[in-house]
Amino acid sequence: MKLIASDFDGTLSVNGCVTPENAKAVTRWQEAGNLFVLVTGRPYLFALDAWHAMQESGMHCDALICCNGAMFLDEAGDVTHKVCVDGAVLPPLVELIYRHDPTLVVFSVGGNRREYSEENGEMVYYPEKDGGNIPQFLREPHDFVQICVGLRNAEECLTVADDINRTFPGTLDAKPNGYSCDITVSGIQKPAGIHRFVETLPEKPEDVITVGDNLNDLSMLREFTGYAIEAGSPKAHSAAGRTVPSVAALIDLLLQ
């Protein structure tokens, strides 16, 4: 038994939709006795959108790891594990974020309810619509699983990530991912979520294969048997040392 841990956006999906070729290939992979896990940087509710997109394509995954490894969901889509950031860091972090003029801020508490709520879900803020003012909720100390910050381009995203990592060393881990900067507790990246899933298995896989396309995939591409999507970032190509045109092509290769 082997395990594929796949990124979603730009890897399993194209423009948010799972291609029929990928869906059929994943089913063949699982029918051969293997496991398929989705590992995404998306926050909880956005990750559920990916989950539903997979279901609509006629496939399923054996687990969903979201928030860049900070949250783990079982086959039913319920949260079984999460790693939170101490809320004391939230007010100064948000002040730093708003200095960079973000377009979007998604605050993830990480609850099980499939709706937006301050106590048990996610809040989505659009700073431009709010006049650049920091919402009162974000001025207060609240524990969180992940904050996603939308920026205007990839360069701004790298700048914000560097600023956060310099300002909060050993406390926060800011991961640039295209136009989004994803912030979790220090030390949490996608491999942590994969290891957590493997620990729950009664039978350990003989190999863990990862496939991704962007900067927040680099750690899992390096740590496991990694494959980068050909259309993805050159840094992903370098981290993996192997490329494939699609998840379907990877599965065809592995099932030979």
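A short tour of the structure in this document, coming up. Everything numeric in this text was worked out from a predicted model, so none of it was measured. (Residues numbered from 1 in each chain as written. Predicted model: local features only at pLDDT ≥ 70, side-chain atom pairs only at ≥ 80, totals over all residues. Heavy atoms only, no water.)

## Focus: the sheet that holds strand S6 (residues 71–73)
As summarised here, the arrangement of the 8 strands in space is S7-S6-S5-S4-S1-S13-S14-S15, forming an open sheet in which the pairing is mixed. In this open sheet, the two edge strands, each paired with only one partner strand, are strand S7 (79–82) and strand S15 (243–244). As paired elements, strand S4 (residues 35–39) and strand S5 (residues 63–66) share 3 bridges and run parallel to each other. From the neighbouring strand, Leu38 faces S5, where its bridge partner is Leu64. Sheet strands touched by helix H1 (residues 20–31): strand S1 (2–6), S4 and strand S13 (207–212). Its angle to S4, the strand with the most contacts, is close to 135 degrees. The strands touched by helix H2 (residues 44–56) within the sheet are S4, S5, S6 and S7, with S5 carrying the most contacts at an inclination of about 145 degrees. (Pairing = 2+ DSSP bridges. Helix = DSSP H or I, 4+ residues; strand = E, 2+ residues; numbered from the N terminus. Contact = heavy atoms within 4.5 Å. Axes fitted to C-alpha atoms, helices over the stretch in contact; angles between N-to-C directions.)

## Looking at the packing of H1 against helix H8 (residues 247–254)
In the contact formed by H1 and H8, the axes pass within 8 Å of each other and the chain directions differ by 30 degrees. With respect to their mutual orientation, H1 and H8 come out roughly parallel. Note on packing geometry: the crossing formed by H1 with H8 is left-handed. Contacts between H1 and H8 involve Glu21, Asn22, Ala25, Val26, Arg28 and Trp29 on the former and, on the latter, Val247, Ala248, Ile251, Asp252 and Leu254. Across the contact of H1 with H8, the residue classes break down as 7 nonpolar, 1 polar and 3 charged. (Parallel < 35°, antiparallel > 145°, perpendicular 65-115°, else oblique. Left-handed = near helix turned anticlockwise from the far one by under 90°. Nonpolar A, V, L, I, M, F, W, Y, C, P; charged D, E, K, R; others polar.)

## Details of the packing of helix H3 (residues 90–99) against helix H4 (residues 154–167)
Contact geometry for H3 and H4: axes closest at 10 Å, N-to-C directions at 150 degrees. By the angle class used here, H3 and H4 are roughly antiparallel. As for how H3 packs across H4, the hand of that crossing is right-handed. Together, Leu93, Leu96 and Ile97 of H3 and Asp163, Ile164 and Thr167 of H4 make up the contact between the two elements. Here the residues of the contact of H3 with H4 sort into 4 nonpolar, 1 polar and 1 charged.

## Let's talk about the side chain of Ser233
For Ser233, the position within the fold is in the loop between strand S14 (225–229) and helix H7 (234–240). Sequence-distant contacts of Ser233, that is, excluding residues within four places in its chain, are made with Asp213, Asn214 and Leu215.

## Comments concerning the nonpolar core
Formed by 68 residues in total, the largest nonpolar core has its most connected members in Leu12, Phe36, Ile147, Ile164, Cys181 and Ile183. Examining the composition of this core, we find that 8 residues originate from one element, H2, more than from any other. Contact partners of Ile183, with chain neighbours within four places excluded, come to Leu93, Ile97, Phe144, Val145, Gln146, Ile147, Val149, Ile164, Leu172, Asp173 and Ala174. Core analysis: the next-biggest nonpolar cluster, separate from the first, contains 15 residues, Leu3, Val37, Met220 and Phe224 among them. (Core = buried A, V, L, I, M, F, W, Y, C linked by side-chain atoms within 4.5 Å. Buried < 20%, exposed > 50% of the residue type's maximum accessible area, 1.4 Å probe, protein only.)

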